[in-house]
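Working through the structure, step by step
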Amino acid sequence: MATTYTSEQEKVALEILSKDKHAFYEILKVEKTASDSEIKKAYRRLAIKLHPDKNPHPKASEAFKIINRAFEVLSDNTKRHVYDRIGRDPDDRS
């Protein structure tokens, strides 16, 4: 039996996957000047929509990993500072 998902669930997953994987502010839909609490709120809003338990779309878990990484970097002041300086994931070795 095929799992069904709404067009909204599909849209949010594909929207995240269409962005540059290093565009963390864009992924979380926050300004570069966003506070820690704004970043956390934006992350939570997306996490609820993309969590694999909540969103059965086949690409939702991939999108969920991307927002997790964006949050991981932007919620850590040291990593965020490096990210702001170099414009990419500070832990990405590729």
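Residues numbered from 1 in each chain as written. Predicted model: local features only at pLDDT ≥ 70, side-chain atom pairs only at ≥ 80, totals over all residues. Heavy atoms only, no water.

1. What to know about the overall build of the chain
- Looking only at helices and strands, the chain has five helices and zero strands in total.
- Starting at the N terminus and ending at the C terminus, the chain contains elements arranged as α-α-α-α-α.
- Taken over the C-alpha atoms alone, the chain extends approximately 45 × 30 × 15 Å along its principal axes.
- The buried share of the chain, taken over its 94 residues, is 38%. (Helix = DSSP H or I, 4+ residues; strand = E, 2+ residues; numbered from the N terminus. Buried < 20%, exposed > 50% of the residue type's maximum accessible area, 1.4 Å probe, protein only.)

2. Things to note about unusual backbone geometry
- At Lys29, a residue that is not glycine, the phi angle is positive and equals roughly 55°.
- Looking at where Lys29 falls in the secondary structure, it is placed in the loop between helix H2 (24–28) and helix H3 (36–50).

3. What to know about the packing of aromatic side chains
- According to the stated counting rule, one finds three aromatic pairs in the structure shown.
- Judged by centre distance (4.8 Å) and plane angle (25°), the rings of Phe24 and Tyr83 are stacked. You can see Phe24 sitting in helix H2 and its partner Tyr83 sitting in helix H5 (residues 77–86), a full 59 residues away along the chain. Accessibility assignment for this pair places Phe24 and Tyr83 in one class, buried. (Phe/Tyr/Trp six-rings, centres within 6.5 Å; stacked < 30°, edge-to-face > 60°.)

4. Structural notes on the environment of Asn77
- With respect to the secondary-structure elements, Asn77 resides in helix H5.
- For Asn77, a relative accessible area of 54% puts it in the exposed group.
- Residues Asn77 and Asp36, spaced 41 residues apart in sequence, show a C-alpha to C-alpha distance of 9.0 Å.

5. A look at the nonpolar core
- Judged by nonpolar contacts, the single largest core of 24 residues is most densely connected at Ile16, Ile27, Leu28, Leu50 and Ile67.
- Broken down by secondary-structure element, the contributors of at least two residues to this core are helix H1 (7–18), H2, H3 and helix H4 (60–74).
- With eight residues, H4 is the single largest residue contributor to this core.
- With near-sequence residues (within four places) excluded, Ile27 lies in contact with Ile16, Lys19, Asp20, Lys21, Leu46, Ile66, Ile67 and Ala70. (Core = buried A, V, L, I, M, F, W, Y, C linked by side-chain atoms within 4.5 Å. Contact = heavy atoms within 4.5 Å.)

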